[in-house]
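Residue-level listing of the chains:
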Amino acid sequence: MRPSVRPYLAGPGYVYAERPEAIAARYGFDRVARLGSNENPFGPSPKALEAASRALADAHRYPDESMGALRAALAARYGDRAYAVGNGMDGIIETVLRIFCESGDRVVVSTPTFSFYGLAARGQGAGIATVRRNSDFGVDVEGFVAACRGAKVAFLCTPNNPTGTATPVEDVRAIAESIGDCLLFLDNAYVDFSDRDYRPLLDSCENLVIGRTFSKLYGLAGFRVGYAMLPDWLLPAYARAATPFCGVSSVSAAAALGALDDYDHLERTRTHVLAWRERLATECPFPSAPSEANFLMVDGAPRGPDEAVAALARAGVLVRSCRSFPDLADHYLRVSVGADWENERFLNAVRALSSA
Ligand SMILES: *Cc1c(COP(=O)(O)O)cnc(C)c1O
């Protein structure tokens, strides 16, 4: 006899990009262009590494349970309001669902989008309502609002993963204002690469939470730190629902503090990503959706994603197949903006693919 695992875990779970080591070994590359996970190609900021190294000496102590220094630094940098930090934005998403959802509740997502919302919602026993995006990957605002009636939490990702497309601020306002007692979780993981600013909505929308991360622009994906801007009324419930110590290690919190302070590293990354995003979109022989993120969603049709991903892997380039994203035709690839040599290698490989 064995205890039974909950049936929702029978699905595939979170889908990761392939390991670069596997591609390197299979095709004999010293290094692989890692364009599968939207990471910062320049690495962590040196200031983050210094701060993290200093924090190691105190690693026998529990962290400050309120993450006070990091939250204060976020308020100084991004505006004086309430902040939560978590074990990646993924940890924050899970905590927010724990606050609002129990078995039988409904959660709304706008597909195709990031898969973890659905996985985490099912973990709470909630059902998922999906609202398909339009053919240009814009959000169907009316359909979304209608689906939120009676739902507990709605997730909207902008700029959206995997499409790269962004939702106008006024559309987000219209949604937040129309859905009353449903919480709108706005996923801004990639907002650092866009000119849009959704923060002013927090002043008037009491049902809005904005999630952000140190994993993308800040280059700290391995440290697992995310943060959220949330209404004051939600803070006490958040503190009670979160994993103790916010689920963030003292070393990761120190790294995040160091990274926040390294303006040069951030600006260098942003400038590089914006210039290359434009160049990749222009020079890639396959069309891509207009992106406001640090990646492009490339339409490899008529090739299926497996064929294109395999051809790129043979050329030493790791990209993410979009096959696993629900409600997306299966000929799309997601390609991160990488370092110069990675982007050049991708362009060469994809040119060869298009002329093959
Ligand atoms: C990367 C990503 C996140 C979360 O990243 P963490 O590493 O957990 O902070 C959240 N949402 C989207 C859309 C992402 O792409």
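Going by the structure above, here's the rest.
Criteria and thresholds
- Residues numbered from 1 in each chain as written.
- Predicted model: local features only at pLDDT ≥ 70, side-chain atom pairs only at ≥ 80, totals over all residues.
- Heavy atoms only, no water.
- Helix = DSSP H or I, 4+ residues; strand = E, 2+ residues; numbered from the N terminus.
- Rg over C-alpha atoms; globule rule 2.2 N^0.38 Å.
- Buried < 20%, exposed > 50% of the residue type's maximum accessible area, 1.4 Å probe, protein only.
- Contact = heavy atoms within 4.5 Å.
- Areas by Shrake-Rupley, 256 points an atom, 1.4 Å probe, with all protein chains shown as cover.
- Salt bridge = Lys/Arg side-chain N within 4 Å of Asp/Glu carboxyl O.
- Patch = residues over 30% accessible without salt bridge, like charges linked within 9 Å, V, L, I, M, F, W, Y side chains within 5 Å.
- Pairing = 2+ DSSP bridges.
- Right-handed = clockwise from strand over helix to strand, strands pointing away.
- Near = heavy atom within 4 Å.
- Polar contact = N/O pair within 3.5 Å; in protein donor to acceptor, adjacent residues only side chain to side chain.
- Axes fitted to C-alpha atoms, helices over the stretch in contact; angles between N-to-C directions.
- Parallel < 35°, antiparallel > 145°, perpendicular 65-115°, else oblique.
- Left-handed = near helix turned anticlockwise from the far one by under 90°.

Trainee: I keep staring at the overall build of the chain and nothing clicks. Help me out?
Mentor: When helices and strands are tallied, the chain shows 12 helices and 11 strands. In terms of overall dimensions, the chain is globule-like: its C-alpha atoms have a radius of gyration of 20 Å, near the 21 Å expected for 356 residues. Across its three principal directions, the C-alpha atoms of the chain cover 60 × 55 × 50 Å. Counting the 356 residues in the chain, one finds 53% classified as buried. For the chain, the proportion of contacts with a sequence separation of at least 24, taken over those separated by at least 6, is 74%. About 15,800 Å² of surface is accessible on the chain, with carbon and sulfur atoms providing 51% of the total.

Trainee: Looking at this structure, how should I read the pattern of salt bridges?
Mentor: Any two side chains of opposite charge can pair, on the condition that their charged atoms come close. For the coordinates displayed, the defined rule picks out 16 salt bridges. In this structure, Glu292 engages Arg196 in a salt bridge whose closest nitrogen and oxygen atoms are separated by 2.7 Å. Of this pair, Glu292 sits in the loop between helix H10 (263-283) and strand S9 (295-299) while Arg196 sits in the loop between strand S6 (183-187) and strand S7 (208-213); the two residues are 96 residues apart in sequence, bridging distant segments of the chain. Look at Arg196 and you get partly exposed, because its relative accessible area is 30%. Of the charged contacts in the structure, one is a salt bridge between Arg270 and Glu267, with a shortest N-O distance of 2.7 Å. One end of the pair is Arg270 and the other is Glu267, both in helix H10 and 3 residues apart, which spans about a single turn. Residue classification places Arg270 among the buried residues on the basis of a relative accessible area of 19%. Several salt bridges share partner residues, and in doing so they unite Arg279, Glu283, Glu344 and Arg351 into one network.

Trainee: What's the story with a nonpolar patch on the surface in this structure? I'm lost.
Mentor: On the surface, Val5, Tyr8 and Leu9 cluster together to form a nonpolar patch covering roughly 290 Å² of accessible area. Structurally, Tyr8 is set in the segment before helix H1 (20-27). What makes Tyr8 partly exposed here is its relative accessible area of 31%.

Trainee: Before we go on, may I ask you to explain unusual backbone geometry in this structure?
Mentor: Leave glycine aside and you will find that most residues have negative phi; peptide bonds, for their part, are mostly trans. The amide bond that connects Asn161 to the next residue, Pro162, takes the cis arrangement and shows omega of 15 degrees. Mapped onto the secondary structure, Pro162 falls in the loop between strand S5 (153-157) and helix H7 (169-178). Ala301 connects to Pro302 through a cis peptide bond whose omega is 5 degrees. By secondary structure assignment, the location of Pro302 is in the loop between S9 and helix H11 (305-314). If you check the backbone angles, Phe137 has positive phi at about 70 degrees while not being a glycine. Along the polypeptide, Phe137 turns up in the loop between strand S4 (127-132) and helix H6 (141-148).

Trainee: What is the right way to read the pairing of strand S3 (residues 106-111) from this model?
Mentor: In regular strands, side chains alternate between the two faces of the sheet. Counting buried positions over the 6 residues of S3 gives 5, a clear majority of the element. Two elements, S3 and S4, share 6 bridges in a ladder whose sense is parallel. Among the inter-strand pairings, Val108 is bridged to a residue of S4, identified as Ala129. What joins S3 to S4 is helix H5 (residues 116-123), and the crossover it makes is right-handed. Here S3 pairs with S5 via 3 bridges, running parallel. If you follow Val107 over to S5, its bridge partner there is Val153.

Trainee: Looking at this structure, I do not really get the site of the ligand. What am I missing?
Mentor: Not every one of the 13 residues close to the ligand is listed here, only the nearest: Asp187, Thr213, Ser215, Lys216 and Arg224. Met89 places a main-chain nitrogen or oxygen 2.6 Å from an oxygen atom of the ligand. One of the side-chain N or O atoms of Asn161 is found 3.0 Å from an oxygen atom in the ligand. Sort the elements by how many residues they give to the shell around the ligand and helix H4 (residues 88-100) lands first, with 3 residues.

Trainee: How should H5 be read in this particular structure?
Mentor: Since the α-helix packs 3.6 residues into each turn, any two residues three or four apart lie on the same face. The complete set of buried residues in H5 reads Phe116, Tyr117, Gly118, Ala120 and Ala121. Buried residues along H5 sit against H4, S3, S4, S5 and S6. Directly after H5, the chain includes Gly125, whose backbone phi takes a positive value near 85 degrees.

Trainee: Sorry if this is basic, but what is going on with the environment of Arg199 here?
Mentor: Mapping Arg199 onto the fold places it in the loop between S6 and S7. Sequence separation between Arg199 and Val107 is 92 residues; the distance between their C-alpha atoms is 23 Å. Setting aside its immediate chain neighbours within four residues, Arg199 contacts Tyr78, Arg81, Ile210, Arg212 and Met229.

Trainee: How do you make sense of the packing of H6 against H7 when you look at a structure like this?
Mentor: Two quantities define a packed helix pair, namely the angle between the helix axes and the distance between the axes. Between H6 and H7, the least distance of the axes is 10 Å, while the angle of their chain directions is 25 degrees. The angle between H6 and H7 places the two elements in the roughly parallel class. As H6 runs across H7, the sense of the crossing is right-handed. In contact with Val141, Phe144 and Val145 of H6, H7 contributes Asp171, Ile175 and Ser178.

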